[in-house]
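Residues per chain are reported as follows:
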Amino acid sequence: QLVNDNTAEEQAVQLLRNIWLANNNLDKHLWQQQVENDREELAHQQRMEEDEQEHLKQEHINEEEDAHKEECKKNKHKYIPIQNSGVPDDPAVTPCSYALCKLDKGEYLELWYFTNDGLDE
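Reference entry: report on the structure contained in this document. None of these values were measured; they are calculated from a predicted model.

What follows deals with the overall build of the chain. Per the secondary structure count, the chain includes three helices and zero strands. Going from N to C terminus, the chain has its helices and strands arranged as α-α-α. Expected size for 121 residues packed as a compact globule is a radius of gyration near 14 Å; at 46 Å, the chain overshoots this value by more than 25%. Taken along its principal axes, the extent of the C-alpha atoms in the chain is 140 × 30 × 15 Å. The burial tally for the chain puts 7% of its 121 residues in the buried class.

Here it is in structure tokens:
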């Protein structure tokens, strides 16, 4: 009993109020600590997820680069860089029609037809 001969009713009310306030403040403090701990844990989990996503993204990029390098090795002619030169203005130099006909037939043809004198003919 809180009320007895030595304690008045007003003192008992004040004592209960003080006890309640102390417990309430302690509960508030514990609650605030729990909220902060939860917030830190959530932030840590988010950082871990972001790191994992970044790691997966980097692995995906590395795999794509490796696949591209492998593709370049397999198809070298497909990935040869194109020279940055203009369109040729000079006409194509071809041997005379007699020489071209002999080439098409697969017959013997003298090399003279491919020299400057033979091409001028």
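Having put the structure on the table, let's press on.
Turning our eyes to something else, we now look at the environment of Gln32. With respect to the helices and strands, Gln32 occurs in helix α1 (residues 9-74). On a C-alpha basis, the gap between Gln32 and Tyr98 in space is 100 Å, while along the polypeptide they are 66 residues apart.

Our focus in this paragraph is the pattern of salt bridges. Where charged atoms from two side chains of opposite charge approach closely, those side chains can pair. Under the counting rule described, the total for this entry stands at one salt bridge. Residue Glu107 is joined to Lys102 by a salt bridge in which the shortest nitrogen-to-oxygen separation is 3.5 Å. By relative accessible area, Glu107 is classed as partly exposed at 41%. Looking at Lys102, the relative accessible area reads 18%, which means it is buried.

On the surface, Glu49, Glu50, Asp51, Glu52, Glu54, Glu59, Glu63, Glu64, Glu65, Asp66 and Glu70 cluster together into a patch of negative charge. Relative to the assigned elements, Glu63 resides in helix α1.

This part covers the packing of aromatic side chains. All chains considered together, the criterion is met by two aromatic pairs. Centroid distance Tyr98 to Tyr113: 5.7 Å. Interplanar angle 50°. Geometry classified as tilted. A residue pair is termed long-range when its members are at least 10 positions apart, and Tyr98 in helix α2 (residues 97-105) and Tyr113 in the loop between α2 and α3 (116-120) qualify at 15 residues. The interplanar angle of 75° and the centroid separation of 5.4 Å between the aromatic rings of Trp112 and Tyr113 together place this pair among those described as edge-to-face. Residue classification places Trp112 among the partly exposed positions, given a relative accessible area of 37%. Classification of Tyr113 by relative accessible area gives buried; the value is 16%. Through a chain of ring-to-ring contacts, three or more aromatic side chains come together here, namely Tyr98, Trp112 and Tyr113.

Reading the values: the criteria
- Residues numbered from 1 in each chain as written.
- Predicted model: local features only at pLDDT ≥ 70, side-chain atom pairs only at ≥ 80, totals over all residues.
- Heavy atoms only, no water.
- Helix = DSSP H or I, 4+ residues; strand = E, 2+ residues; numbered from the N terminus.
- Rg over C-alpha atoms; globule rule 2.2 N^0.38 Å.
- Buried < 20%, exposed > 50% of the residue type's maximum accessible area, 1.4 Å probe, protein only.
- Salt bridge = Lys/Arg side-chain N within 4 Å of Asp/Glu carboxyl O.
- Patch = residues over 30% accessible without salt bridge, like charges linked within 9 Å, V, L, I, M, F, W, Y side chains within 5 Å.
- Areas by Shrake-Rupley, 256 points an atom, 1.4 Å probe, with all protein chains shown as cover.
- Lys, Arg positive; Asp, Glu negative; His and termini not counted.
- Charge placed at Lys NZ, Arg CZ, Asp CG, Glu CD.
- Phe/Tyr/Trp six-rings, centres within 6.5 Å; stacked < 30°, edge-to-face > 60°.

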